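Residue strings, one per chain:
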Amino acid sequence: MEVLSSNKSFGGEQLVIRHAAKATGCDMTFALFLPPGEGPFPVVWYLSGLTCSHANVMEKGEYRRVAAELGVAVVCPDTSPRGEAIAGFDPSDWQMGQGAGFYVDATQEPFAANYQMYSYVTAELPQLLFAEYPLDAQRQAVFGHSMGGHGALVCALRNPDRYRSCSAFAPIVQPSTADWSKRALGEYLGADESAWRAYDSVALIEDGARFPELLVDQGEADGFLNDGLRPWLLADACKEAGIDLTLRMQPGYDHSYFFISSFMEDHLRWHAERLG
């Protein structure tokens, strides 16, 4: 691993690190905040949304003060493989390709060679970090925003014994039917929509996946609310399955990092209580 930058913040250390990833077949960059102390620290994974990288939440998410106070580490992976030689190098297409990995393991060419983001965030990157830094693999939580909220829900529902808590900001709760995500799932996973269900939180719940409790914040002024996000679908699925969902509709808030940073402290404190 190559440390690209290190900055002291609230007594802790904000790192940006690059490494050669096997899952994605390219160099990947991620952010890691270590709170003050010696550890081992509980870990909160933050998964970012469409068009984002590790840098967006690191620069605008305002998590370090609270994470330092609570003594939790925060890991912010990238959202996809990167590079001109990687499929999907088209900045004008924000709904798929680079910056839009959707946290799936792609099975279709040309994406299968690099777009193994589910394996990267749930297997390769954790294994690397737990071997190199004072982090507690027994105390993990996951949350994210938009596409990253979708990723967090999927990771938790598929790995309920690994994560002690899961939350999301404005998640895409049913990407297999949302206008701005189903094209990407088709390109990554193929035409058989039954294969998409493993990366769809509502479908996972319908198919028997369970997680004890979820926290979701959603802005009522979010322009993507009705077409892409539709949190009421998650609420219906959780009610039917007996999952404890706290869905907070926030008046006046949109989809931006102004919204995320406003409720970041709430989420970190919620996770810290469950991480112990």
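Novice: Explanation requested: the environment of Ser 5 in the structure shown.
Specialist: By the element assignment, Ser 5 lies in strand β1 (residues 2-9). Each C-alpha atom, one on Ser 5 and one on Ala 68, is 19 Å from the other, the two residues being 63 residues apart in sequence. The residues touching Ser 5, leaving out its near neighbours within four places in the chain, are Gln 14, Leu 15 and Val 16.

Novice: Looking at this structure, I do not really get the pairing of strand β6 (residues 135-145). What am I missing?
Specialist: On a regular strand, each side chain points to the face opposite its neighbour's, so the side chains alternate between the two faces of the sheet. In terms of burial, β6 is largely enclosed, as nine of its 11 residues are buried. Summarising the sheet, strand β4 (residues 41-47) and β6 pair through six bridges and their orientation is parallel. Paired with Leu 47 across the strands is Gly 144, a residue of β6. Examined bridge by bridge, β6 and strand β7 (residues 163-169) share six bridges and lie parallel to one another. Its bridge partner lying in β7, Phe 143 is registered against Ser 167. In the classification by handedness, the crossover that spans β6, the intervening helix α4 (residues 147-158) and the parallel β7 is right-handed.

Novice: Please explain the pairing of β1 as it appears in this structure.
Specialist: Note: β1 against strand β2 (residues 12-21), seven bridges, orientation antiparallel. Among the inter-strand pairings, Asn 7 is bridged to a residue of β2, identified as Gln 14. The turn linking β1 back onto β2 is made up of two residues, and Phe 10 within it adopts a positive phi angle of 50°.

Novice: Please explain the packing of helix α3 (residues 117-132) against α4 as it appears in this structure.
Specialist: Remark: α3 packs on α4, axes separated minimally by 12 Å, with the N-to-C direction vectors making an angle of 60°. Overall, the two elements α3 and α4 adopt an arrangement that is oblique. Classified by chirality, the crossing of α4 by α3 is right-handed. Here Tyr 118, Val 121 and Thr 122 of α3 lie close against α4, whose contacting residues are Val 154, Cys 155 and Arg 158. Here the residues of the contact of α3 with α4 are counted per class, giving four nonpolar, one polar and one charged.

Rules and cut-offs
Residues numbered from 1 in each chain as written. Predicted model: local features only at pLDDT ≥ 70, side-chain atom pairs only at ≥ 80, totals over all residues. Heavy atoms only, no water. Helix = DSSP H or I, 4+ residues; strand = E, 2+ residues; numbered from the N terminus. Contact = heavy atoms within 4.5 Å. Buried < 20%, exposed > 50% of the residue type's maximum accessible area, 1.4 Å probe, protein only. Pairing = 2+ DSSP bridges. Right-handed = clockwise from strand over helix to strand, strands pointing away. Axes fitted to C-alpha atoms, helices over the stretch in contact; angles between N-to-C directions. Parallel < 35°, antiparallel > 145°, perpendicular 65-115°, else oblique. Left-handed = near helix turned anticlockwise from the far one by under 90°. Nonpolar A, V, L, I, M, F, W, Y, C, P; charged D, E, K, R; others polar.

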